[in-house]
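Fold and contact review
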Amino acid sequence: MSSTVPLVVRLLASSVSVANRAGKIVRDVMSKGELGIVEKGKDDYQTEADRSAQKCIIAALAAQYPKLSIIGEEDREENEPEVPSDWLVVDADKEVLALTCPADLQGVKEEDIVVWVDPLDGTSEYTQGFLEHVTVLIGISVNEEPVAGVIHQPYYKTMIGGEKKMGRTIWGLREAGVGGFTPAPPPDSLIITTTRSHSNPLVEKALQVMNASQILRVGGAGYKVLQLLEGKASVYVFASPGCKKWDTCAPEAVLAAAGGKLTDILGNNYKYGASVGKPNKTGVLAAVNHDLHNYALSRIPQELKEALANK
Ligand SMILES: Nc1ncnc2c1ncn2[C@@H]1O[C@H](COP(=O)(O)O)[C@@H](O)[C@H]1OP(=O)(O)O
Ligand SMILES: [Mg+2]
Ligand SMILES: [Mg+2]
Ligand SMILES: [Mg+2]
């Protein structure tokens, strides 16, 4: 039955299930208490959770979809050792499997897809105990464009029938919409969400010009986009290099499926083909709808745009 479901939909349904498993790895590493922190660069860390969650996601997706290009944040070893068999998730989310695939994506083949994996977005926050900010991101791009994505929150708590359940998984597919949470309209006043761990003078300048009623400083690109989708903030502004394609592919796809927009600070779309440069050099500007995105873009002064473009 599932072989009649278009590839993009099947891959999204598999990604939901795989992200859930990766989220459990993220929780297990934390509860064992041995984070195995490695410093990759300035303000740039990796933990055992980043490494293991990525191995799980890539091994599980590659086993089922061998011709995909999968690009993950963390370096892969030359000869990756086999992963535990219970990481090789083969389940696929039933609700997603039932979605209608956009007409132009129905014939897409594995070779046409690039999957961008951020096994743990918000590593700084993970190591500092801001666990709600942590997400697992799987973005699916076709012809350089993010068309579908998964944002999994390993530490989101819900009570179901008196029992605590950890984790939730938000997904989006172009034209089909979003699921896994309850969307909410934007707040009445302009509330901005931005970095808490990677600020600098340019980032602060772009915040000042927005005239916002409130600025929320939280970790991770995934979590900030969730804040937009849940009506906690109106606009996400980050006028700095630092984010990479795996940070924005899934959030951009989910946000777009909900009617929002994510671009760089100049208002240009990033491209997500396999050979693109990984850094998002010209920052991030996102909003829950196109009007708010236009408004925020109109507030960014030309010299700030030039400063980022010439970096
Ligand atoms: N200067 C930077 N160095 C490394 N990663 C960065 C940097 N700035 C942003 N990022 C990545 O983008 C995400 C969003 O940024 P921020 O939280 O500062 O708004 C971070 O969680 C981090 O992803 P990751 O945690 O996956 O390495
Ligand atoms: Mg990182
Ligand atoms: Mg990230
Ligand atoms: Mg990461």
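Residues numbered from 1 in each chain as written. Chains lettered and ligands numbered in written order. Predicted model: local features only at pLDDT ≥ 70, side-chain atom pairs only at ≥ 80, totals over all residues. Heavy atoms only, no water.

The protein chain goes by 3'(2'),5'-bisphosphate nucleotidase 1 in an unreviewed UniProt entry, where it is assigned to Loxostege sticticalis. As its UniProt record puts it under Sequence similarities (unreviewed entry), the protein chain is described as follows: "Belongs to the inositol monophosphatase superfamily." (UniProt positions renumbered as here; feature names shortened; annotations may be inferred.)

What follows is about the confidence of the model for the protein chain. On average, residues of the protein chain carry a pLDDT of 96, and 99% of them reach 70 or more. Across the interfaces of the predicted complex, the ipTM metric reaches 0.99, alongside a pTM of 0.98. (pLDDT = per-residue confidence, 0-100.)

What follows deals with the environment of Pro 154. The topology assignment puts Pro 154 in strand S6 (residues 145–160). According to the relative accessible area criterion, Pro 154 is buried, its value standing at 0%. In contact with Pro 154, not counting residues within four places along its chain, are Gly 23, Val 26, Arg 27, Val 134, Thr 135, Val 136, Met 166 and Gly 167. (Helix = DSSP H or I, 4+ residues; strand = E, 2+ residues; numbered from the N terminus. Buried < 20%, exposed > 50% of the residue type's maximum accessible area, 1.4 Å probe, protein only. Contact = heavy atoms within 4.5 Å.)

Its location among the elements puts Ala 19 in helix H1 (residues 7–32). In sequence terms Ala 19 and Glu 204 are 185 residues apart; their C-alpha atoms lie 33 Å from each other. If near-sequence neighbours (up to four positions away) are discounted, Ala 19 is found in contact with Val 136, Ile 138, Val 150 and His 152.

Given a rise of 1.5 Å per residue, 13 residues ought to cover 18 Å, and the 18 Å separating the end C-alpha atoms of helix H7 (residues 245–257) matches this to within 8%. Along H7, the positions that sit buried rather than exposed are Lys 245, Trp 246, Asp 247, Thr 248, Cys 249, Ala 250, Pro 251, Glu 252, Ala 253, Val 254, Leu 255 and Ala 257. Just beyond H7, the residue with positive phi is Gly 259, at close to 95°. (Expected span 1.5 Å × (residues − 1).)

This part covers the sheet that holds strand S4 (residues 113–121). Spatial strand order, S3-S4-S5-S6-S7-S8: six strands in an open sheet with mixed pairing. Where the open sheet ends on each side, the last strands, each with one partner, are strand S3 (69–72) and strand S8 (177–179). On average, adjacent strands in this sheet sit at an angle of 15° to one another, irrespective of strand direction. Against the sheet, H1 engages S4, strand S5 (135–142), S6 and strand S7 (163–173), with an angle of about 45° to S6. (Pairing = 2+ DSSP bridges. Axes fitted to C-alpha atoms, helices over the stretch in contact; angles between N-to-C directions.)

Here we come to the coordination of the magnesium ion (ligand 4). Around the magnesium ion (ligand 4), the protein contributes the donor atoms Glu 73 (OE), Asp 118 (OD) and Leu 120 (O), at 2.1 to 2.2 Å from the metal centre. Sequence spacing of the donor residues for the magnesium ion (ligand 4), all on one chain, is E-x44-D-x1-L. By relative accessible area, Glu 73 is classed as buried at 17%. (Donors = N, O, S within 2.8 Å, 3.2 Å for Na, K, Ca; no water.)

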